[in-house]
Each structure stands twice: as C-alpha cells, then as structure tokens.
Amino acid sequence: QGKTYQFKLVLLGESAVGKSSLVTRFVKDHFDEYRESTIGAAFLAQTITLDDSTTVKFEIWDTAGQERYKSLAPMYYRGASCAVVVYDITQTSSLDKAKSWVDELHRQADPDIVIALCGNKTDLEARRAIDTKAAQEYADEAGLLFFETSAKTAHNVNELFTAIAKRMPLE
Ligand code: GTP
Ligand code: MG
C-alpha cells in the first residue's frame, strides 16, 4: 500500500532539440526518425516506481518549440512542479535558448520548481558543438540537475526522469 505522488512537468526548448522524442522514449520506449514538429503542446503521463512505497506520476506537457508558440509557454509552466529544459548538443544556439528558458522560469514559474537541463542527441557525438563540462558548470551555477541523453538510443532518459522524481518533495 504505497503512495502515489503527482507532479506537473513541462518540457521547454528550441524546436527540433528532441523534446517530443524524449517524452516518447520515456512514455512509450519508442523513437521516430521522422517526427513532426509539435503544434501548441502535447500531454502525456507516465509513472515511475521509486521503491515499494513510493510511485511518482508525471503529468507531462510537451510544449512546441517553434517561435510562433512562445507566448503559450506560460500556460504550461504555470503551476508546474518540475521542468526539463532541453538543448541539442550539436547546436550551439540551442543552449543559449535553453538558458533563456531557465531565466524565464526563475523569474515567472513557481519559486520551488525543480529544473533539469538536458543536452540531447549524444548519439551524434561526432557533431558535438557543446562541451559537457561547460554545460555542467552552467547547470551547477544555476542550481539545475544536468543530464546528457539520447532519445534515439535511450541513453540516460530514464535516469533523467528518475533523478527529477527523487528531487521532488515526497512526504
Ligand atoms: P518541436 O516540437 O518543434 O519543439 O521539436 P522537438 O523538440 O519536440 O523535437 P522532436 O522530438 O520532434 O525531434 C526533432 C528531430 O530530431 C526529429 O527528426 C527526431 O527524430 C530527432 N531527434 C530527437 N532526439 C534525437 C536523438 O537523441 N538523436 C538523434 N540522432 N536524433 C534525435
Ligand atoms: Mg515536439
């Protein structure tokens, strides 16, 4: 007779960094090479069992990264307990965009929000443009969890969501 805790989680980041792919990997353990860009936002839910007595259910809002949807984001991060801010390790601009989302969350979201920075597409190591150490240092300074993932190979995807679950207030 364990307890289930529910949290609203929002994914933010530039278009094409792999937000929908990360959620699809986490929820369905599946990857599409040709995924369509999200329109507005998509909702999915997934539970993680931490131990015999603790289950965490994430209610996930996968937002659209295209600039034209930017004004919708506050609807999704408002009231969110946690956020995953995603960039693509092969695209320098995507880390700048991720940092601007972190700033916006720190200004406008719940002050207790748990934020994870996620560098996605580690399977494209040969095209890496963003150094792991630099991103880790930024994450440490900003007080963020930090993971590098691949939605394609599933590298670190469950670890990312499990680390967030463990960071949530469970009492
Ligand atoms: P928007 O919905 O427009 O904001 O984009 P998004 O961040 O949801 O990106 P999406 O998941 O649609 O992925 C964009 C493209 O990157 C797709 O062609 C994916 O197949 C590809 N992709 C996503 N994750 C990975 C990954 O880990 N590795 C590789 N090689 N490709 C990936
Ligand atoms: Mg998407």
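Before reading further, recall that the structure is shown in the block above.
Conventions used here
- Residues numbered from 1 in each chain as written.
- Chains lettered and ligands numbered in written order.
- Predicted model: local features only at pLDDT ≥ 70, side-chain atom pairs only at ≥ 80, totals over all residues.
- Heavy atoms only, no water.
- Donors = N, O, S within 2.8 Å, 3.2 Å for Na, K, Ca; no water.
- Helix = DSSP H or I, 4+ residues; strand = E, 2+ residues; numbered from the N terminus.
- Buried < 20%, exposed > 50% of the residue type's maximum accessible area, 1.4 Å probe, protein only.
- Near = heavy atom within 4 Å.
- Polar contact = N/O pair within 3.5 Å; in protein donor to acceptor, adjacent residues only side chain to side chain.
- Areas by Shrake-Rupley, 256 points an atom, 1.4 Å probe, with all protein chains shown as cover.
- Nonpolar A, V, L, I, M, F, W, Y, C, P; charged D, E, K, R; others polar.
- Pairing = 2+ DSSP bridges.
- Axes fitted to C-alpha atoms, helices over the stretch in contact; angles between N-to-C directions.

Details of the coordination of the magnesium ion (ligand 2)
Here the magnesium ion (ligand 2) is held by the protein donor atoms Ser20 (OG) and Thr38 (OG1), which lie 2.1 Å from it. Note that Ser20 is positioned in helix H1 (residues 19-28) and Thr38 in the loop between H1 and strand E2 (41-51), a separation of 18 residues in sequence. The class of Thr38 is buried, set by a relative accessible area of 15%.

Side note on the site of ligand 1
Taken together, 23 residues form the shell around ligand 1, and within it Ser15, Lys19, Ser21, Ser37 and Gly65 come nearest. At 3.0 Å, a backbone N or O of Gly18 approaches an oxygen atom of ligand 1. Contact distances for ligand 1 include 3.1 Å between an oxygen atom and a side-chain N or O atom of Lys121. Considering ligand 1 on its own, with 650 Å² of exposed area, one finds that the protein chains cover 91% of that surface. Within the shell around ligand 1, the residues separate by chemical class into 6 nonpolar, 9 polar and 8 charged.

Considering the sheet that holds strand E3 (residues 54-63)
Spatial strand order, E2-E3-E1-E4-E5-E6: 6 strands in an open sheet with mixed pairing. At either margin of the open sheet sits one strand with a lone partner, and together these are E2 and strand E6 (145-148). Strand-to-strand twist in this sheet, taken as the mean axis angle between neighbours without regard to direction, amounts to 25°. Bridge analysis of strand E1 (residues 3-12) against strand E4 (residues 82-88) gives 4 bridges, and the strand direction is parallel.

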